Amino acid sequence: MGPASAAATAPGDSAGRDSSGKHYLCGLCAAFTNIMVTFPIQKVLFRQQLYGLRTGEAVRQLRRDGLRTLYRGILPPLMQKTATMALMFGLYEDFSALLLSHARAPELLTRSAAAALTGTTEAVLTPFERVQTLLQDHRHHDKFTNTYQAFKVLKAYGMREYYRGLVPILLRNGPSNVLFFGLRGPIKQYLPEATSYSSHMLNDFICGGLLGAVLGLLFFPVNVIKTRMQAQIGGEFQSFSKVLAKIWLERDRKVRHLFRGAHLNCHRSVLSWGIINATYEFLLKLL
């Protein structure tokens, strides 16, 4: 049985069910739960990606900023992630149903195309990710007091400024969605058979967490480049390759320095995607 078929029939997996608004709603609620739990960890990771700090240094920097700013900038990721997860799960189901009913290609290829289309569509929400980057960068703490103000300042630079960093987002979203939806079912089939709601949730958490960690590590350098691009306001729109070359030189031309903060990202991804996948599947069973 291929990955697509496994994803369609795996116990507790949503693929193959009737497509309706519940997939969007469950994705939204799963993202909300995840953001509230993991946002402080994400702020530490963000500082490491942007400045190449060690974990201890990034944590001390947040402590100096104070508890008052710990959840500063949560609104953009809350808006962006809830919308993104709603689109990710909902559109994947809708695109899959549409393509399977009209295309004559193998199911694996069809579902992969649906996942890639979903990831590309998610990129329309880049402005939220852009503003989140600015609000989390301590260099801009004096410039922006809230999300609305950040959006307002960027407006003066034109629509293109909202989409700074779009290329790495597109390079990340499509392939990661293809791998996530393609491997989710097969991985769950290798786990011990679930016989209760709690064991189903545990399997879904393990499956989502494992995929999240692997994909997070795989695309970590892409996110480093995206963060560097989006931390800039105004000025030249540098290419993906140019920013990569600059970071490569700054980090002593060592691959492991490009992955500074990756260990924390793996831990966060296990928790984050475990919560998302388990919450999504649990809510889907209730609706």
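See the structure above.
Residues numbered from 1 in each chain as written. Predicted model: local features only at pLDDT ≥ 70, side-chain atom pairs only at ≥ 80, totals over all residues. Heavy atoms only, no water.

**Considerations on the side chain of Thr38**
The condition is simple: The numbering of helices and of strands both runs from the N terminus, where a helix is a DSSP run of H or I of at least 4 residues and a strand a run of E of at least 2. Whether two residues touch is decided by their heavy atoms; if any such pair falls within 4.5 Å, the residues are in contact.
Mapped onto the elements of the fold, Thr38 is located in helix H2 (residues 21-51). In contact with Thr38, other than residues within four places in its own chain, are Arg268, Leu271 and Ser272.

**With respect to the packing of helix H4 (residues 75-102) against helix H14 (residues 262-286)**
What describes two packed helices is the angle between their axes and the distance between those same axes. Operational definition: Lines fitted to the C-alpha atoms define the axes, with helices restricted to the stretch that makes contact. Angles between their N-to-C directions range from 0 to 180 degrees. In what follows, roughly perpendicular refers to angles from 65 to 115 degrees, roughly parallel to angles under 35, roughly antiparallel to angles over 145, and oblique to any angle outside these ranges. By definition, turning the near helix anticlockwise from the far helix through less than a right angle yields a left-handed crossing, and turning it clockwise yields a right-handed one. Basically, the charged four are Asp, Glu, Lys and Arg, the nonpolar ten are Ala, Val, Leu, Ile, Met, Phe, Trp, Tyr, Cys and Pro, and anything else, Gly included, counts as polar.
The contact between H4 and H14 brings their axes to 12 Å, and the two run at 50°. With respect to their mutual orientation, H4 and H14 come out oblique. Crossing hand, H4 versus H14: right-handed. Along its contact with H4, which presents Met85, Met88, Phe89 and Glu93, the element H14 presents Trp273, Ile276 and Tyr280. Here the contact of H4 with H14 is built from residues that sort into 6 nonpolar, no polar and 1 charged.

**Things to note about the nonpolar core**
The following threshold applies: What makes a nonpolar core is a set of buried Ala, Val, Leu, Ile, Met, Phe, Trp, Tyr and Cys residues whose side-chain atoms join them at distances within 4.5 Å. The rule is simple: take the accessible area with a 1.4 Å probe, protein chains only, and divide by the maximum for that residue type; under 20% is buried, over 50% is exposed, in between is partly exposed.
Counting 21 residues, the largest nonpolar core has Met85, Phe89, Phe180 and Phe181 as its most contacted members. For this core, the secondary structure elements donating two or more residues are H2, H4, helix H5 (107-122), helix H9 (166-190), helix H10 (197-218) and H14. Beyond its immediate chain neighbours, meaning those up to four positions away, Met85 contacts Gly27, Ala31, Trp273 and Ile276. Counting residues in hydrophobic clusters, the runner-up holds 14 residues, among them Leu45, Phe220, Met229 and Leu258.

**Overview of the packing of aromatic side chains**
Aromatic rings considered in pairs are described by the distance between their centres and by the relative angle of their planes. Operational definition: Here a Phe, Tyr or Trp ring, Trp counted by its six-membered ring, pairs with any other such ring whose centre lies within 6.5 Å, and the pair is stacked when the planes are under 30 degrees apart, edge-to-face when over 60, and tilted otherwise. Think of it as a cone above the ring: NZ of Lys or CZ of Arg counts as a charge over the ring if it is within 6 Å of the ring centre and within 35 degrees of the ring normal.
In total, this model carries 10 aromatic pairs according to the counting rule given. Relative to Phe180, the ring of Phe89 lies with its centre 6.4 Å away and its plane at 75°, an arrangement referred to as edge-to-face. Taken together, the positions of Phe89 in helix H4 and Phe180 in helix H9 put the pair 91 residues apart, joining distant regions of the chain. Residue classification places Phe89 among the buried positions, given a relative accessible area of 1%. An angle of 20° between the planes, with centres 6.2 Å apart, marks the rings of Phe220 and Phe259 as stacked. Taken as a pair, Phe220 in helix H11 (residues 220-230) and Phe259 in the loop between helix H13 (255-258) and H14 lie far apart in primary sequence, 39 residues in all. Within the aromatic cluster, the residues linked to one another by ring pairs are Phe89, Tyr92, Phe180, Phe181, Trp273 and Tyr280. Positioned over the ring face of Phe237 is Arg160, at 4.0 Å from the centre of the ring. Between Arg164 and the ring centre of Phe237, over which it is positioned, the NZ or CZ distance is 3.9 Å.

**Digging into unusual backbone geometry**
One non-glycine residue with positive phi stands out, namely Asp252, at about 60°. You will see that Arg253, though not glycine, has its phi angle at about 55°, which is positive. Here Arg253 lies in the loop between helix H12 (240-250) and H13. Its relative accessible area of 56% is what places Arg253 among the exposed residues.

**Concerning the packing of H2 against H4**
Packing of H2 against H4 leaves a shortest axis separation of 7 Å and a crossing angle of 145°. For H2 against H4, the interelement crossing comes out right-handed. Of H4, the residues touching H2 (which contributes His23, Tyr24, Gly27, Leu28, Ala31, Phe32, Ile35, Met36 and Phe39) are Pro77, Leu78, Lys81, Thr82, Met85, Ala86, Leu87, Phe89, Gly90, Leu91, Glu93 and Asp94. Its residues assigned to classes, the contact of H2 with H4 shows 14 nonpolar, 4 polar and 3 charged.

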